[in-house]
Protein chains: 2
Amino acid sequence: MRIQVNKDRLLYHLLIAQKALSTKTPNPALQGIRLDVGDNELVITTSNSDISIRVTLEDDALEIEKTGSILVPGKYFIDIVRKLDGQVVSMTEGEDNLLRIEADRSDITLNLLDLEDYPNLQFKETDSPLEINARTLKSIIRQTAFATSSLENRPILTGVNVAIDGEDLKAIATDSYRLSQKRISLPESYDPTDVIIPGRSLEELIKILESNQESVEVHIDQNRVLFKDNNVLFLSRLLEGNYPETDKLIPQEFPIQIKFNKEQLMTAVERAGLLSSRDGQNSIVKLDVRQDNVVEISSNSPEIGRVREEIHPVDEIVGSPLKIAFSSKYLLEALRVFNSSEVTVKFTGEIRPFIITGEFDEGMLQLILPVKTD
Amino acid sequence: MRIQVNKDRLLYHLLIAQKALSTKTPNPALQGIRLDVGDNELVITTSNSDISIRVTLEDDALEIEKTGSILVPGKYFIDIVRKLDGQVVSMTEGEDNLLRIEADRSDITLNLLDLEDYPNLQFKETDSPLEINARTLKSIIRQTAFATSSLENRPILTGVNVAIDGEDLKAIATDSYRLSQKRISLPESYDPTDVIIPGRSLEELIKILESNQESVEVHIDQNRVLFKDNNVLFLSRLLEGNYPETDKLIPQEFPIQIKFNKEQLMTAVERAGLLSSRDGQNSIVKLDVRQDNVVEISSNSPEIGRVREEIHPVDEIVGSPLKIAFSSKYLLEALRVFNSSEVTVKFTGEIRPFIITGEFDEGMLQLILPVKTD
């Protein structure tokens, strides 16, 4: 293998691939970055046990003198490329499994890893991928994945359930205390599919999706999903098992509805959440719909103090007075993903889940379970 | 106590005082911020075992209705003030050791701490303080404190030795592997003084010194030093003991001298330092002054690989060829504090300390001990 490549282009692509690079792994080969030089392209591959990334670089930034495949120590290789001076990096595979890297006045030799130890990754595309706008995909992930569980005691809840039926796509995440749901209409009709994608894979995917209007191909296989965004392939395992039936958790009738300015509601809940002795992790705040059309947000932490906030809703409150208590963290995380500047909070009763919707967030709902207080 | 105060001004001063706020301390009173409201001023005091800060707020941002002193829970108080809406915060001491905080539509009550438990801090000024330009003081700290030891086995080396004699001020820091020295001429003459100020205190001081041309007063007492910068008082304990005699460590004759472009030298040493298996913490690089007026920087890490860099010095090299090895971290930290874009590295011999000076860094020298290699 012998190539010359533009340093900035190489680094740009390495930093994409880095998202799937293992740092601590029982398999040392996964600390490596696989470089495959073909006749017209440099293919960069990384993998950890959950996700794998393959990026292809094929433009005038690249000059190939000899094809070949090597496995470079990932962390050191990226550190070196980042620090190199000059425009062009020259890489030459030498004898004794060594790689010589030359740029400007630097001459660096890296011991390569054994390519034979690298897993045989299948970035296999299917015949009929789902096509979805990259920005739409990013917003689905942003609006649902945060609500997945971070606990491994019910692994299925660490994933986002994506169900496709005809032109309808529904993404759901829940940790059993709150639930996020986003529904969109696809431009075409697809065969019914129902998969659970690890939330952490999606959090990594969102970082590398380009903010373009172009469509991303989604190839769903038996136990894997492959996202294809231009020259980037992103492969994730799927979670196995049955996702819980969530439709029946969502109330259908809401006798009490309040429209808030989102920022006002957030800052009031933030302040009420401050006085928790547990670093605000799960501080409980109370919401009190008063007779006088004012909403009171409050918290009480006997050791530290108490907070009382008053909010005037945007419109007249629909329904009767109500007192309800919930985790400030869950409400704040839910509010944060709305694009709307006004949100409607809809209540069924004091011990029933409540939901939040927004005029400019079509198809999305956020649900939160209240907590019981004295 | 009852006051109204501009929120942004209050927060600004709280964030200065926060630098000395204890978060983990055996004395819970030190987790508090002391507020003393006098006839015309609000005085904010914080302390941990090493440093104490006292900030005075007295301007039209403040309206005093009733004087008094309280001890507020520090972390919560700052968090609340930071998150408040509105321009003005109203604070009223209530019965039962409570503080009521009102702003916009927020109504917050905090349990106060017991003021009696707070230590009696003496921010005592001396009769003849040293006056020093704030920017000069910042640069002395920046150019020396990084070289103090972080190990507690020789506590004296965790401090910066400041010796004043007449118009001469000399600051020295060393961890016994490298040494930083900065010498300045004071505008006036002072009585001889020799103290050791904890490096960590100085690192905190530098964060709150305003970048002004005005002078800071330095009041040196028996076992404490008090810095006065406008309305901020910063008190630090001094380290007790005798600082080692360092003058004799510094070679006086340098048969080999090389002038480098600082950036070129830094990037070469950075790259050579990358291939350390211990995260670059103490990677050893070699410097080789060649016959052909080229300097080679190299490193070799048998498990990972090797780096070789060539640098053309700015001027013809003075002296004969030489090979020397040192910690890349120490050289990089020393180079980083130079204002000069060209630095001169001066060698006495392969196993003798070498020093670095810069044309636009008058009075400063950085010294590094070489390491022996095979």
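Here the structure is a predicted model, which is why all the values come from computation and not from measurement.

Calculation criteria
- Residues numbered from 1 in each chain as written.
- Chains lettered and ligands numbered in written order.
- Predicted model: local features only at pLDDT ≥ 70, side-chain atom pairs only at ≥ 80, totals over all residues.
- Heavy atoms only, no water.
- Buried < 20%, exposed > 50% of the residue type's maximum accessible area, 1.4 Å probe, protein only.
- Helix = DSSP H or I, 4+ residues; strand = E, 2+ residues; numbered from the N terminus.
- Pairing = 2+ DSSP bridges.
- Domains from an automatic or database assignment.
- Contact = heavy atoms within 4.5 Å.
- Buried area = accessible area lost by both parts, 1.4 Å probe.
- Salt bridge = Lys/Arg side-chain N within 4 Å of Asp/Glu carboxyl O.
- Polar contact = N/O pair within 3.5 Å; in protein donor to acceptor, adjacent residues only side chain to side chain.
- Nonpolar A, V, L, I, M, F, W, Y, C, P; charged D, E, K, R; others polar.
- Axes fitted to C-alpha atoms, helices over the stretch in contact; angles between N-to-C directions.

Visitor: Is there a simple way to think about the pairing of strand 1 (residues 2-6) of chain A in this case?
Guide: Each regular strand displays side chains that alternate between the two surfaces of the sheet. Residue and element names in this part refer to chain A. Of the two faces of strand 1, the one holding Ile3 and Val5 is buried and the one holding Arg2, Gln4 and Asn6 is not buried anywhere. Alignment of strand 1 against strand 7 (residues 88-94), held across 5 bridges, turns out to be antiparallel. Bridge pairing links Gln4 to Ser90 in strand 7. Sheet analysis places strand 1 next to strand 5 (residues 62-66), joined by 4 bridges and oriented antiparallel. The residue of strand 5 that forms the bridge with Arg2 is Lys66.

Visitor: How do you make sense of the domain arrangement of chain A when you look at a structure like this?
Guide: Residue and element names in this part refer to chain A. Each domain of chain A was delimited in the assignment, giving domain 1 (2-117), domain 2 (132-226 + 234-247) and domain 3 (250-368). A separation of 31 Å is found between the C-alpha centroids of domain 1 and domain 2. Across the boundary between the two partners, domain 1 contributes 8 residues, which contact 9 residues of domain 2. When domain 1 packs against domain 2, the two sides together hide about 750 Å² of surface, and 59% of this comes from carbon and sulfur. Sorting the residues of domain 1 by area buried against domain 2 places Lys19, Asp50 and Ile51 first, and these three jointly supply 60% of that buried surface. Where domain 1 touches domain 2, the interface holds 1 salt bridge. Summed over the shared surface of domain 1 and domain 2, the number is 2 residue pairs in polar contact (both at pLDDT 80 or more). Those elements that place two or more of their residues in the side of domain 1 that touches domain 2 are helix 1 (7-17) and strand 4 (51-57). For the side of domain 1 that touches domain 2, the leading source of residues is strand 4, giving 3 residues. Its residues assigned to classes, the side of domain 1 that touches domain 2 comprises 4 nonpolar, 2 polar and 2 charged.

Visitor: Would you mind showing me how to read the sheet that holds strand 7 (residues 88-94) of chain B here?
Guide: Paired through their backbone hydrogen bonds, the strands of a sheet run either parallel or antiparallel. With antiparallel pairing, 9 strands are arranged side by side in an open sheet as 20(A)-17(A)-18(A)-19(A)-9(B)-8(B)-7(B)-1(B)-5(B). With partners counted over all chains shown, the strands left at the sheet margins are strand 20 (322-327) of chain A together with strand 5 (62-66) of chain B, one partner each. Pairs of neighbouring strands in the sheet enclose a mean axial angle of 15 degrees, with direction left out of account. The sheet contacts of helix 1 (residues 7-17) of chain B involve strand 1 (2-6) and strand 7 of chain B, and relative to strand 1 of chain B the element is tilted by about 90 degrees. Strand contacts of helix 2 (residues 74-83) of chain B: strand 7, strand 8 (98-103) and strand 9 (106-111) of chain B, with the helix running at about 170 degrees to strand 9 of chain B, the strand carrying the most contacts.

Visitor: Looking at this model, I keep getting lost on unusual backbone geometry. Mind explaining?
Guide: Trans peptide bonds make up most of the peptide bonds, and negative phi angles are found at most residues other than glycine. Residues and elements named next belong to chain B. Despite not being glycine, Asp96 shows a phi value in the positive range, around 60 degrees. When its relative accessible area of 70% is taken as the criterion, Asp96 is described as exposed. The backbone of Asn97 shows a phi angle near 60 degrees, a positive value even though the residue is not glycine. Relative to the helices and strands, Asn97 is located in the loop between strand 7 and strand 8. The exposure class of Asn97 is partly exposed, given its relative accessible area of 31%.

Visitor: How should I be thinking about the interface of chain A and chain B in this particular structure?
Guide: Interface size is commonly expressed as the accessible area that is lost once the parts come together. Listed by partner, the interface residues are 32 residues for chain A and 32 residues for chain B. Connecting chain A to chain B are 8 salt bridges. Put simply, Glu270 of chain B and Lys83 of chain A hold a salt bridge, and the shortest N to O gap is 3.2 Å. Our count for the contact surface shared by chain A and chain B stands at 24 residue pairs in polar contact (both at pLDDT 80 or more). For the side of chain A that touches chain B, the class distribution of residues is 10 nonpolar, 8 polar and 14 charged. Here strand 9 (residues 106-111) of chain A pairs with strand 19 (residues 305-311) of chain B via 5 bridges, running antiparallel. For Ser106 of chain A, the partnering residue across the bridge sits in strand 19 of chain B and is Glu309 of chain B.

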